[in-house]
Amino acid sequence: YLSVIENVLIPIHFSEVKRNKIRTKGISPKEEAIRLLSELGLQQKEIHEKKVTELSVGQQQRVAAARALIGSPEIILADEPTSALDENNSMRFLDLLLEECKKNNSTLLYVSHDSRIHQKFQQSISILDYTEDMPIAEKTGKEAVECSS
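Notes on the structure in this doc start here.

1. Some thoughts on the packing of aromatic side chains
In step 1: As enumerated under the stated definition, the model contains one aromatic pair in all.
In step 2: With 5.2 Å between their ring centres and 45 degrees between their planes, Y110 and F121 make a pair best called tilted. Taken together, the residues span a long stretch of sequence, with Y110 in strand β2 (residues 107-111) and F121 in the segment after β2 at a distance of eleven residues. Of the two residues, Y110 and F121, both sit in the buried class.

Written as structure tokens, this is what we have:
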């Protein structure tokens, strides 16, 4: 298995665009990986050298977040990215994600059942907004929607 740093750097190996975006910042890919990990509360060097499988689920999720952000992608698709994080780390991640998107002019599509965070976004869409006129078996926001034809 890869170390935490190696894991975050995976996208750099496949994308010259990502490598060039990091170079324009005047830092190395490894320095950028360390910066992102530190912003997500994983600043300890001993964590960077661990295998990802040795981390908690919440730490693994933060490593995945750093991997998604490295190289300033144009679009980020985030499906429940904070589900295994405590509230403090969840808000830290969300703030970093929004800051990185703004700084890099990235588009973010964020999917979550956590209704507490919708105010952090310029636009929020609820699946319930599009099911009002449909027969629904149960409308809890977490259950599958059952429609009749």
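2. Focus on helix α5 (residues 57-69)
In step 1: Compared with an ideal rise of 1.5 Å per residue, which puts 13 residues at 18 Å, α5 spans 19 Å between its outermost C-alpha atoms and is within 8% of the ideal.
In step 2: Those residues of α5 lying buried are G58, Q59, Q61, R62, V63, A65, A66 and L69.
In step 3: Residues of α5 that are buried sit in contact with α1 (4-14), α3 (29-39), α4 (45-49), β1 (75-79) and α6 (87-104).
In step 4: G71 lies just past α5 and shows a positive phi near 85 degrees.

3. Some thoughts on the side chain of H48
In step 1: Residue placement: H48 occurs in helix α4.
In step 2: Looking at H48, the relative accessible area reads 6%, which means it is buried.
In step 3: When neighbours within four sequence positions are excluded, H48 is seen to be in contact with S3, V4, I5, I34, L37, L42 and Q43.

4. Some words on unusual backbone geometry
In step 1: Even without being a glycine, S72 presents a positive backbone phi close to 50 degrees.
In step 2: Note that S72 resides in the loop between α5 and β1.
In step 3: Notably, N105 is not glycine yet its phi reads approximately 55 degrees, a positive angle.
In step 4: The topology assignment puts N105 in the loop between α6 and β2.

5. Some details on α3
In step 1: Taken together, the buried positions of α3 are E32, A33, L36 and L37. The arc that holds every buried residue of α3, seen down its axis, measures 135 degrees, which confines them to one face.
In step 2: Of the surrounding elements, those touching the buried residues of α3 are α1, α2 (16-23), α4, α5 and α6.
In step 3: With its phi angle positive at about 85 degrees, G41 sits one or two positions after the end of α3.

6. Some details on the pattern of salt bridges
Once their charged atoms are close, side chains differing in charge can pair, the charge on each being opposite to the other.
In step 1: Overall, the coordinates contain five salt bridges when judged by the stated rule.
In step 2: Put simply, R35 and E32 hold a salt bridge, and the shortest N to O gap is 2.9 Å. Placement of the pair is R35 and E32 together in helix α3, with a separation of three residues, close to one helical turn.

Basis of the calculations
- Residues numbered from 1 in each chain as written.
- Predicted model: local features only at pLDDT ≥ 70, side-chain atom pairs only at ≥ 80, totals over all residues.
- Heavy atoms only, no water.
- Phe/Tyr/Trp six-rings, centres within 6.5 Å; stacked < 30°, edge-to-face > 60°.
- Helix = DSSP H or I, 4+ residues; strand = E, 2+ residues; numbered from the N terminus.
- Buried < 20%, exposed > 50% of the residue type's maximum accessible area, 1.4 Å probe, protein only.
- Expected span 1.5 Å × (residues − 1).
- Contact = heavy atoms within 4.5 Å.
- Arc of directions from axis to C-beta.
- Salt bridge = Lys/Arg side-chain N within 4 Å of Asp/Glu carboxyl O.

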